[in-house]
Amino acid sequence: MEKILILDFGGQYNQLIARRVREHHVYAEIKAYNRITPDEIRNERYRGIIFTGGPNSVYDPASPHYDPAVLALNIPILGICYGCQLIAFMAGGAVSSAESASEYGKTVLTVMDHMLFDGIPKESICWMSHTDYVSKVPSGFKTIAVTSHCPCAAMGDEKRKLYGVQFHPEVTHTEYGKRILENFLFSICGCTGDWKMEDYAGRMIARYREELSGKTVLLALSGGVDSAVAGLLLHRAIGENLICVFVDHGLLRKNEGDYVEQTLRKKLGVNMIRVNAGERFIQKLSGVTDPEGKRRVIGEEFIRVFEEEAGRIGHVHALAQGTIYPDVIESGSGNSAVIKSHHNVGGLPDVVSFDAIVEPLRDLFKDEVRSLGKSLGLPEELVWRQPFPGPGLAVRVIGEVTEEKLRILREADAVFSEEVIAGSMPGCRPDQYFAVLTDTRSVGVMGDARTYGYTVALRAVSTDDFMTAEWTRLPFEILEKAGNRITNEIPGVSRVVYDITSKPPGTVEWE
């Protein structure tokens, strides 16, 4: 199988690079820069290497560097942002920091005639995010793209097949980013595209059939697509040795607990245990207002509930979870910064009583999980179910979580969902839409009387990877109907606002 190595230098888009490579049916795997040597790279027979971005300066002694011997492996290398600067630094060029050369956001890119830019217009939009830049290309390299502020927006050494781009081709904001990566993978690295999602399923099933043979596994089943796909995959591997536990933590959407139980039992025939633990979670969250604090509380309580269920079942060897790549990256895995701890990653307690944590989807993005679900026969309504955070409505209630706040939010969220579905065609709906109960109260007027109620924020985003997202331009009619219904039908709400923040700078969720 063809493989591309993504060498991680701490950037926030590293897993997104892997996803873009896999979109071209080429398998990509990520290794921390300090966890693999040039000799190991040679022995793994990678077709190409991609150096990721990162927040550091190559001249900072504490910044991540790498052995220059990698440049002599005769393996094509593409450096992105910090990766581009690092290649220049390693090869004897110069990297400088200058306010006039720094760029952030959409930028006009001018490219030269080069195979890396085959099929790309001379001018197009790219996504820049840098202060340092390559001020002098190394010997053997040529500048192959520029911007109005950056004298070297891309460089290449054709003889050694070493390339660097200062911009980010992996994000959707770069118009021809996918084509640039395609050119690198196929024209430069010589890949043919032999990796399929069905192959991933087969490998995982074979792996866990061997690793978990004769062992009992407890699956943390939320009812969302991630845990459902993980459950189907593990069921194929170990059959009846998989026991699914659905913890209703009292933080679900309106009627969601019953929906999950009925759908999964009926559609998938899952041997499922439902644990109604809402009161327990609400008590634990009493007085907790910090978002990370909420996640830690919920993460620990989840594990404790599973441990208790495991005790009732008998000896359980492993806990399985539907953890996916965005969970890992935002929780600060590897060299990346913590964006927010996910309850099943950064929210786990230090000590758990299971022998192992099993995460068969840890290397996949949401769209890949859905593709895998389809290949495994997961029903369409579950494949395309609205994403929902593990901590549930606790991170959509700003401030302390109470039963009253949850009541208000559940009703507001249900109204907004109804209006989005009623007012838009299935193929034209946002990729995620929900309500947030803010901790802000404001004055209102109802029936000639003064009110003082909560402000509800509505949020809708469009994205194909959930690593970046654009706020959705919903028709005003949908927003008007949702706003009127929420303020008229739900006591305690006096104002509705719409969130027009994209990711970045925001995240999809508020907390």
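Everything discussed here concerns the structure shown above.
Notes on the structure follow. (Residues numbered from 1 in each chain as written. Predicted model: local features only at pLDDT ≥ 70, side-chain atom pairs only at ≥ 80, totals over all residues. Heavy atoms only, no water.)

## Overview of the pattern of salt bridges
Working step 1: Summed over all chains, the structure comprises 34 salt bridges.
Working step 2: Among the salt bridges present, the one from Glu-359 reaches Arg-362, with a minimum N-O distance of 2.5 Å.
Working step 3: A relative accessible area of 29% places Arg-362 in the partly exposed class.
Working step 4: Across the pair Arg-407 and Glu-404 runs a salt bridge, and its minimum N-O distance is 2.7 Å. In this pair, Arg-407 and Glu-404 are both assigned in helix 13 (residues 403–423), three residues apart and thus about one turn of the helix distant.
Working step 5: Residue Glu-404 is classed as partly exposed on the basis of its relative accessible area of 42%.
Working step 6: A single network of salt bridges, built from pairs that share partners, joins Arg-19, Arg-20, Glu-23, Lys-178 and Asp-367. (Salt bridge = Lys/Arg side-chain N within 4 Å of Asp/Glu carboxyl O. Buried < 20%, exposed > 50% of the residue type's maximum accessible area, 1.4 Å probe, protein only. Helix = DSSP H or I, 4+ residues; strand = E, 2+ residues; numbered from the N terminus.)

## Concerning the sheet that holds strand 6 (residues 103–111)
Working step 1: Ordered by their spatial adjacency, nine strands build an open sheet running 2-1-3-4-11-10-9-6-7, and the pairing between neighbours is mixed. Edge positions in the open sheet fall to strand 2 (27–32) and strand 7 (123–130), since each of these has one partner strand only. Ignoring strand direction, the axes of neighbouring strands in this sheet form an average angle of 25 degrees.
Working step 2: Both strand 4 (residues 77–80) and strand 11 (residues 162–165) contribute to a ladder of four bridges, which runs parallel. In the sheet register, Gly-79 faces strand 11, and the bridge partner there is Gly-164.
Working step 3: Relative to the sheet, helix 1 (residues 14–23) contacts strand 1 (3–8), strand 2, strand 3 (48–51) and strand 4, its axis offset from that of strand 2 by approximately 160 degrees.
Working step 4: Packing of helix 3 (residues 82–90) onto the sheet brings it into contact with strand 3, strand 4, strand 7, strand 10 (154–157) and strand 11, and relative to strand 4 it is tilted by some 120 degrees. (Pairing = 2+ DSSP bridges. Axes fitted to C-alpha atoms, helices over the stretch in contact; angles between N-to-C directions. Contact = heavy atoms within 4.5 Å.)

## Focus: the packing of helix 13 against helix 14 (residues 476–489)
For any two helices packed against each other, the geometry is given by the interaxial angle and the distance between the axes.
Working step 1: Direction vectors running N to C along helix 13 and helix 14 enclose 150 degrees, while the axes themselves pass 9 Å from each other. Relative to helix 14, the element helix 13 is oriented roughly antiparallel. Here helix 13 runs over helix 14; the crossing is right-handed. In contact with Ala-412, Val-415, Phe-416, Glu-418, Glu-419, Val-420 and Gly-423 of helix 13, helix 14 contributes Ile-478, Leu-479, Lys-481, Ala-482, Arg-485, Ile-486 and Glu-489.
Working step 2: Split by residue class, the contact of helix 13 with helix 14 holds eight nonpolar, one polar and five charged. (Parallel < 35°, antiparallel > 145°, perpendicular 65-115°, else oblique. Left-handed = near helix turned anticlockwise from the far one by under 90°. Nonpolar A, V, L, I, M, F, W, Y, C, P; charged D, E, K, R; others polar.)

## Topic: the pairing of strand 14 (residues 272–276)
Working step 1: Both strand 13 (residues 242–248) and strand 14 contribute to a ladder of five bridges, which runs parallel. Each residue of the ladder has a partner; that of Val-245, found in strand 14, is Ile-273.
Working step 2: The β-α-β motif built from strand 13, the intervening helix 7 (residues 256–268) and the parallel element strand 14 has right-handed crossover chirality. (Right-handed = clockwise from strand over helix to strand, strands pointing away.)

## Description of the environment of His-168
Working step 1: You can see His-168 is positioned in the loop between strand 11 and helix 4 (177–188).
Working step 2: According to the relative accessible area criterion, His-168 is buried, its value standing at 7%.
Working step 3: Other than its neighbours up to four places away in sequence, His-168 contacts Tyr-13, Ile-80, Cys-81, Trp-127, Ser-129 and Thr-174.
Working step 4: Within the local environment of His-168, its side chain forms a polar contact with the side chain of Glu-170, the two groups lying 2.8 Å apart. (Polar contact = N/O pair within 3.5 Å; in protein donor to acceptor, adjacent residues only side chain to side chain.)

## Quick word on helix 13
Each α-helix turn comprises 3.6 residues. Residues three or four places apart therefore point the same way.
Working step 1: For helix 13, spanning 21 residues, the distance from its first C-alpha to its last is 30 Å, which sits close to the expected 30 Å at 1.5 Å a residue.
Working step 2: Turning to helix 13, its buried residues are Lys-405, Leu-406, Ile-408, Leu-409, Arg-410, Ala-412, Asp-413, Ala-414, Val-415, Phe-416, Glu-419 and Val-420. (Expected span 1.5 Å × (residues − 1).)

## Let's talk about the packing of helix 5 (residues 197–211) against helix 6 (residues 225–238)
Working step 1: The N-to-C vectors of helix 5 and helix 6 enclose an angle of 50 degrees; their axes lie 8 Å apart at closest approach. Considering their axes alone, helix 5 and helix 6 lie oblique with respect to each other. In terms of crossing hand, the pair formed by helix 5 and helix 6 is right-handed. Between helix 5 and helix 6, the residues in contact are Ala-201, Met-204, Ile-205, Tyr-208 and Arg-209 and Leu-233, Leu-234, Arg-236, Ala-237 and Ile-238, respectively.
Working step 2: Broken down by class, the residue content of the contact of helix 5 with helix 6 amounts to eight nonpolar, no polar and two charged.

## Observations regarding the state of the cysteines
What is meant by a disulfide is a covalent connection between two cysteines, made through their sulfur atoms.
Working step 1: Tallying each qualifying case throughout the model produces zero disulfides.
Working step 2: Of all cysteine sulfurs in the structure, the one in Cys-152 sits closest to Cys-84, which takes part in no disulfide; the separation is 5.6 Å.
Working step 3: No disulfide involves Cys-150; its nearest neighbouring cysteine sulfur is the one of Cys-152, lying 6.4 Å away.
Working step 4: Relative accessible area serves as the criterion here: at 0%, Cys-150 is assigned to the buried category. (Disulfide = S-S within 2.5 Å.)

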